[in-house]
Amino acid sequence: MIRVLVVEDDPVAADAHQLYVGRVPGFAVAAVAHSRAEAVRALERTPVDLLLLDLYLPDGHGLTLLRSLRAAGHSADVIAVTSARDLAVVREGVSLGVVQYVLKPFTFATLRDRLARYAEFRAAAGEASGQDEVDRALATLRTPGPARLPKGLSGPTLEAVTGALRAAPDGVTAAAAGQALGISRITARRYLEHLVTVGRAVRSPQYGQVGRPELQYRWRAEGR
C-alpha cells in the first residue's frame, strides 16, 4: 500500500481528500494534518510515501514545509493540492519534488487519475534499456491532452453545465439545468450524461413528481 499523509487546513476538504484517497486501490491514508506543525509531527511518528499537500497552510506555505522536510532528509513524494496558479510556484515545487499538481476545485475522478499515474510511475523498477524507456516512465506522470468531446458537444457549454452542477449541492435535473443555461432539456441531458461517462457526475432517480409519471433523474457533481 502507498501510505498517504493528507495536509489540508480546511476540515471539510481534508475529510473529502481522505475519502477520495481511500477509494483508490493501492492507497491508504496514514494520517491527516491541518497545519505545517501537525504535518511535521505526523511525519516524525508515521511512515509516509506520499504527501497530498495544500500549499496555503495557517502556519506557513506548503513549499516552506517541503523545503524543511527535504533538509531533514524526508524523501516522500508530493502531490500539491492547491488553488495556486502562479507558475513560479509550480517551478519551485517541481525542484522540491512535487510530482503532480491538482488544482482546486477538483473531482474524485481527477485525483483518482493522478494517483493511478503516480502508482504506475512508482512501480517502475530495474534498469532502463534506453532513452525511450526512461521517457515512458516519466510520461506516466503527465496528464494526457483534453479528450475530444462527442460530436455535437462544445467545450464552453460543457464548462457552463459543469459550473451549474458544482453550484447545486442537491444536484440538478436536466430541465433545471437547461432553463438556467438557456438550452433545451434534451441538450442539457446530453451534457450531464457525458459528465457521468467521464466520472465527473453521478445520476440518481428522482421519485414523487406529481403529474409526471415518467421516471425523472437528478445529477450531482462527483464527490458530493
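Just above, that's the structure.
Summary of the structure given here.

The rules behind each value
- Residue positions are counted from 1 within each chain, in the order its sequence is given.
- Owing to the predicted nature of the model, reporting of local features is limited to residues with pLDDT of at least 70; listing and counting of side-chain atom pairs is limited to 80 or more, with chain, interface and lining totals taken over all residues.
- To obtain the side-chain values, all non-hydrogen atoms of the structure were included, while hydrogens and water were left out.
- Helix and strand definitions here come from DSSP, where helices need a minimum of 4 consecutive H or I residues and strands a minimum of 2 consecutive E residues; each element is numbered from the N-terminal end.
- Relative accessibility decides the category of a residue: with a 1.4 Å probe and only protein chains considered, values under 20% of the type maximum give buried, values over 50% give exposed, and everything between is partly exposed.
- Pairs of residues are marked as contacts when any of their non-hydrogen atoms sit within 4.5 Å.
- Every axis in this analysis is a line fitted to C-alpha atoms, fitted for helices over the stretch in contact. Angles between the N-to-C directions lie between 0 and 180 degrees.
- Note on terminology: angles under 35 degrees are roughly parallel, angles over 145 are roughly antiparallel, angles of 65 to 115 are roughly perpendicular, and the others are oblique.
- Each crossing gets its hand from how the near helix is turned against the far one by less than a right angle, where anticlockwise is left-handed and clockwise is right-handed.
- The nonpolar class holds Ala, Val, Leu, Ile, Met, Phe, Trp, Tyr, Cys and Pro. Asp, Glu, Lys and Arg form the charged class, and all remaining residues, Gly among them, are polar.
- Between the first and last residue of a helix there are one fewer steps than residues, each counted as 1.5 Å, and that sum is the expected span.
- By definition, the arc is the one covered by directions from the helix axis to the C-beta atoms.
- Strand pairing requires that DSSP identify at least two bridges connecting the strands.

With respect to the element layout, S35 can be found in the loop between β2 (27-33) and α2 (36-45). Exposure remark for S35: the relative accessible area of 12% places this residue in the buried category. Other than its neighbours up to four places away in sequence, S35 contacts V7, L57, P58 and D59.

A word on the packing of α2 against helix α3 (residues 62-71). Packing of α2 against α3 brings their axes to within 10 Å, and their N-to-C directions diverge by 30 degrees. By the angle between their directions, the pair α2 and α3 is classed as roughly parallel. By crossing handedness, the relation of α2 to α3 is classed as right-handed. Contacts from R36, A39, V40 and L43 of α2 reach α3 at T64, L65, S68 and L69. For the contact of α2 with α3, the per-class residue count stands at 5 nonpolar, 2 polar and 1 charged.

With that settled, consider the side chain of D54. Along the polypeptide, D54 turns up in the loop between β3 (50-53) and β4 (56-57). We classify D54 as buried; its relative accessible area is 3%. Setting aside residues up to four positions removed in sequence, D54 forms contacts with V7, E8, D9, G62, V81, T82 and K104.

Now for helix α7 (residues 155-166). Turn by turn, an α-helix covers 3.6 residues, leaving residues three or four places apart pointing in a common direction. With 12 residues, α7 extends 16 Å between its outermost C-alpha atoms, agreeing within 8% with the 16 Å of an ideal straight helix rising 1.5 Å per residue. Residues of α7 that are buried: L158, V161, T162 and L165. On an axial view of α7, the arc spanned by its buried residues comes to 100 degrees, and they lie on one face.

The next subject is the sheet that holds strand β6 (residues 77-82). If you walk across this open sheet you meet the 5 strands as β2-β1-β3-β6-β7, and the pairing is parallel. The open sheet has two free edges, formed respectively by β2 and β7 (98-103), since each of these has just one partner strand. With strand direction ignored, the average angle separating the axes of adjacent strands in the sheet is 20 degrees. Judged from the 4 bridges that link them, strand β1 (residues 2-7) and β3 form a sheet pairing that is parallel. Of the residues in β3, the one forming a bridge with V4 is L50.

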